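The lines below spell out each chain.
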Amino acid sequence: MPISKVLIVDTTLREGEQTPGVNFTVDEKLEIARALDGVGVHMIEAGDPNVSEDVYQAVKLIAKDGLQAEIIAHCRANVRDVDRALSCDVDRVAIFLGVTEAKLKSMRITEEEAIARVVEAVEYARSHGVKVRFTAEDGTRAKYDFLVEICRRAVEAGADRISLPDTVGIMTPWRVQEFFERVTRDVKGVEFDCHCHNDLGMAVANAIAALEGGATGVHVTVNGIGERAGITGLETLAVALKVLYGLEVVKLDKLTWLSALVERLSGVVVPPHAPVVGENAFSHKGGVHVAAVLYDPSTYEAYPPELVGRRREIVVSKYSGRHAVKARLEALGIQLSDELLEKVVEVIKSRQDVRTYRDADLIEIAEKISGVKLSPEVPSKVEAVILVKCDPNVYTTSIARRIASIKGVMEVYEVSGEYDVQVKVSAPTVSDLNDCLESIRGIKGVSGTHTHLILKSLRPIQGELS
């Protein structure tokens, strides 16, 4: 069936914090919640207030912050947990219970007792005036007749949404669509959410299939973080809905910024090849690819990078042809004659040990071939090069990517030697530069810094080098 309604239920603060090694502070959770609200997600699952005191305080703080999104507290199917959730003054309580035979056996309860627990918890929450979602945990592996019965009883008790998680990520898109078509036909008077885990890499595809099967809500996290392999990623799903169905469910041009924020606060590095927000998502390297993209970007791009606030990048390497090299040099303000350009390409292809040529490398090659000197230029802003030393037990790339998301940072390099990372910073004032430096020093895993103010920078002469 066509997709006509999509509600984004972001659970970065609950499912996302269950990622190994992730532990958001209360202030960080509020910052993320505000960012999610600014992007336009419809519901924010702020956490389970029964987990710990800091989670309780965070849920309560987010609930009273006046956000446009509906704020949800997660809890187990018992009155005591529901009471704790209600005390946070949230808009909705999400009550969950495992519904597979194995889960019921582990809790030592029968199907009838499970239904009674859910009904009691839902009725209690509804009696206090909040909206209720019932989550049938591991619903895709439950006995279907029991799943339908417990969902029906939850609806009769007052739940207006049902979440059916693919808890271990074993469904396939066609099975998910069929599953949701069937359950939405058999359980009336309620809307359904899907919660798709990514254990087999199908979370986004399964979420779209669930929507095509009749679900109206999708549970997501920023960057797809979560238990084990995570769940449906907000940025990938949102762009897929725009590209494939013409549905714009959030502010797409804010996704890259949101991804960088959560990457920095979580410490979970976004892989370079990740869709939408990965470093390589809009990079073109192969000579045939580059030539085609320069002529018509749609030949090798499903959507323009500007849609999500990105820019395409032409990567120069031994795979590059003259089109790629010319485009990159022109972006740097350098125009070469055809003869000189061919010589630059020859040099690039002759050095098979170089993986990728940086802008500085290209400029150096162009200068050697053309014989043109550089003109000095005094920077109009406060600029600095900061050398960063990392603790020996941390992943340097993680530190580098977190630094790259800090305001004022222009370039970040992992380097050899006494220091591990080199950072170029540009700031309007010395005070702003100091703020940037303090942000770098505040990153967990940074053990020391050394700052050099830039007095003069050298820029290539504009115009043709011939």
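Just above sits the structure.
A brief look at the structure comes next.

What counts and what doesn't
Position numbers for residues count from 1 along each chain, tracking the sequence in the order it is written. For a predicted model such as this one, the threshold for reporting local features is a pLDDT of at least 70, and the threshold for listing and counting side-chain atom pairs is 80 or more; totals across whole chains, interfaces and linings nevertheless cover every residue. For the side-chain quantities, the full set of heavy atoms in the structure was used; hydrogens and water were omitted. Comment: elements are numbered from the N terminus, with helices defined as DSSP H or I runs of at least four residues and strands as E runs of at least two. When a residue's accessible area, from a 1.4 Å probe over protein chains only, is under 20% of the maximum for its type it is buried; when over 50% it is exposed; and in between it is partly exposed. Using a 1.4 Å probe, accessible areas were evaluated by the Shrake-Rupley method; residue-level cover was limited to the displayed protein chains. Positive charges are assigned to Lys and Arg, negative charges to Asp and Glu, while His and the chain termini are left out of the count. Charge placement uses NZ in Lys and CZ in Arg. For Asp and Glu, CG and CD serve respectively. Each patch is built from salt-bridge-free residues with over 30% relative accessible area, joining like charges within 9 Å and nonpolar side chains (Val, Leu, Ile, Met, Phe, Trp, Tyr) within 5 Å. What makes a salt bridge here is a side-chain nitrogen of Lys or Arg within 4 Å of a carboxyl oxygen of Asp or Glu, nothing more. Only strands that DSSP links by at least two bridges are regarded as paired with each other. Axes here refer to lines fitted to C-alpha atoms; in helices the fit is confined to the stretch in contact. Angles between the N-to-C directions go from 0 to 180 degrees. The labels follow the angle: roughly parallel below 35 degrees, roughly antiparallel above 145, roughly perpendicular from 65 to 115, and oblique for the rest. Rotating anticlockwise by less than a right angle from the far helix to the near helix defines a left-handed crossing, while the corresponding clockwise rotation defines a right-handed one. Should any heavy atoms of two residues lie within 4.5 Å, those residues are considered in contact. Centres within 6.5 Å make a pair out of two Phe, Tyr or Trp rings, where for Trp the six-membered ring is used; the pair is then stacked when the planes are under 30 degrees apart, edge-to-face when over 60, and tilted otherwise. We count a charge as sitting over a ring when the NZ of a lysine or the CZ of an arginine lies within 6 Å of the ring centre and within 35 degrees of the ring normal. Throughout this description, a polar contact denotes any pair of N or O atoms lying within 3.5 Å of each other; where both atoms belong to protein, one of them has to be capable of donating a hydrogen while the other can accept it, and for residues adjacent in sequence the pair is counted only when both atoms sit in side chains. Nonpolar cores are built from buried Ala, Val, Leu, Ile, Met, Phe, Trp, Tyr and Cys residues. Side-chain atoms within 4.5 Å join them into one set.

### Points about the overall build of the protein chain
The helix and strand tally for the protein chain stands at 16 helices and 18 strands. The principal-axis extents of the C-alpha atoms in the protein chain amount to approximately 85 × 45 × 35 Å. A total of 466 residues make up the protein chain; the buried ones form 50% of that total. Here the protein chain displays about 22000 Å² of accessible surface, and carbon together with sulfur accounts for 49% of that area. Taken as two groups, the 56 positive and 68 negative side-chain charges of the protein chain have centres that lie 1 Å from each other.

### Things to note about a nonpolar patch on the surface
On the surface, a cluster of nonpolar side chains totalling about 260 Å² of accessible area is made up of Val243, Leu244 and Tyr245. With respect to the helices, strands and loops of the structure, Tyr245 is situated in helix 9 (residues 234-245).

### Concerning the environment of Ala102
As for its placement among the helices and strands, Ala102 is situated in helix 4 (residues 101-107). Ala102 sits 149 residues away from Lys251 along the chain, and the two C-alpha atoms are 41 Å apart.

### Regarding the pattern of salt bridges
Across all of its chains, the model carries 29 salt bridges by this definition. A salt bridge links Arg264 to Glu31, with the nearest nitrogen and oxygen atoms 3.7 Å apart. Of this pair, Arg264 sits in helix 10 (residues 255-266) while Glu31 sits in helix 1 (residues 26-39), and the two are 233 residues apart along the sequence. Take Arg264: its relative accessible area is 25%, and that puts it in the partly exposed class. On the accessibility criterion, Glu31 (35% relative accessible area) is partly exposed. Salt-bridge contacts for Glu156 lead to Arg153; the nearest nitrogen and oxygen are separated by 3.9 Å. Placement of the pair is Glu156 and Arg153 together in helix 6 (residues 144-157), with a separation of three residues, close to one helical turn. A relative accessible area of 64% means that Glu156 is categorised as exposed. Beyond isolated ion pairs, a larger network of salt bridges with shared partners links Lys5, Arg161, Glu191 and Asp193.

### Notes on the sheet that holds strand 15 (residues 421-427)
Taken together, the four strands give an open sheet; going across it, the order is 14-15-13-16, and neighbouring strands pair in antiparallel fashion. Because the sheet does not close on itself, it has two edges, and the strands there are strand 14 (409-414) and strand 16 (446-453). Sheet twist, expressed as the average angle between the axes of neighbouring strands with direction ignored, equals 20°. Alignment of strand 14 against strand 15, held across five bridges, turns out to be antiparallel.

### Section: the packing of helix 6 against helix 7 (residues 173-186)
Relative orientation of the contacting elements helix 6 and helix 7 amounts to 45°, with a least axis distance of 10 Å. As judged from the angle between their axes, helix 6 and helix 7 are oblique. Helix-helix and strand crossings are classified by hand; for helix 6 and helix 7 the assignment is right-handed. Of the residues in helix 7, those in contact with Tyr144, Leu147, Val148 and Arg152 of helix 6 are Phe179, Arg182, Val183 and Asp186.

### Structural notes on the environment of Ser127
Assignment of secondary structure puts Ser127 in helix 5 (residues 111-127). Under the relative-accessibility criterion, Ser127 is labelled exposed at 54%. Remark: the alpha-carbon pair of Ser127 and Ile109, spanning 18 residues in sequence, is separated by 25 Å.

### A word on the sheet that holds strand 3 (residues 70-76)
One closed barrel holds the eight strands; their spatial order is 1-2-3-4-5-6-7-8, and the pairing between them is parallel. Between one strand axis and the next, the sheet turns through 25° on average, direction left out of account. Note that strand 1 (residues 7-10) and strand 8 (residues 217-220) share four bridges and pair parallel. When the bridges of strand 8 are listed, Asp10 appears paired with Val220. Helix 2 (residues 53-63) rests against strand 2 (43-47) and strand 3 of the sheet, and its axis sits at about 150° to strand 2.

### Observations regarding the packing of aromatic side chains
What the rule picks out here adds up to two aromatic pairs. Ring centres 5.5 Å apart and planes at 90° place the aromatic pair Phe179 and Phe180 in the edge-to-face group. Between Phe282 and Tyr303, the ring centres sit 5.6 Å apart and the planes meet at 85°, which makes this aromatic pair edge-to-face. Here Phe282, found in the loop between helix 10 and strand 9 (283-284), pairs with Tyr303, found in the loop between helix 11 (287-295) and strand 10 (313-314); they are 21 residues apart in sequence, far enough to count as distant. Tyr303 shares its class with Phe282; the two are buried. For Arg182, the ring lying beneath its charged end belongs to Tyr144, and the centroid distance is 3.7 Å. Lying over the aromatic face of Tyr419, Lys389 brings its terminal NZ or CZ to 5.3 Å of the ring centre.

### Remarks on the side chain of Thr19
Relative to the helices and strands, Thr19 is located in the loop between strand 1 and helix 1. Overall, the relative accessible area of 10% leaves Thr19 in the buried class. Separated by 2.7 Å, the side chain of Thr19 and the backbone oxygen of Gly16 make a polar contact. A distance of 2.8 Å separates the side chain of Thr19 from the backbone nitrogen of Gly226, its partner in a polar contact. Other than its neighbours up to four places away in sequence, Thr19 contacts Ile225, Gly226 and Val268.

### Things to note about the nonpolar core
Counting 102 residues, the largest nonpolar core has Ile95, Phe134, Ile150, Leu164, Phe180 and Val250 as its most contacted members. Residue contributions to this core peak at nine residues, all from helix 6. Contacts of Phe134, omitting those with residues within four sequence positions, involve Ile95, Leu97, Val99, Val118, Ile150, Ala154, Ala159, Arg161, Ile162 and Ser163. With 20 residues, the next largest nonpolar core counts Cys390, Ile399, Ala400 and Ala427 among its residues.

### A closer look at the environment of Val222
Within the secondary structure layout, Val222 lies in the loop between strand 8 and helix 9. When its relative accessible area of 0% is taken as the criterion, Val222 is described as buried. Taking the C-alpha atoms as reference points, Val222 and Leu244, 22 residues apart in sequence, are found 20 Å from one another. Once residues lying within four places of it in the same chain are set aside, the contact partners of Val222 are Asp10, Thr12, Leu36, Leu234, Glu235, Leu258, Ser259 and Val262.

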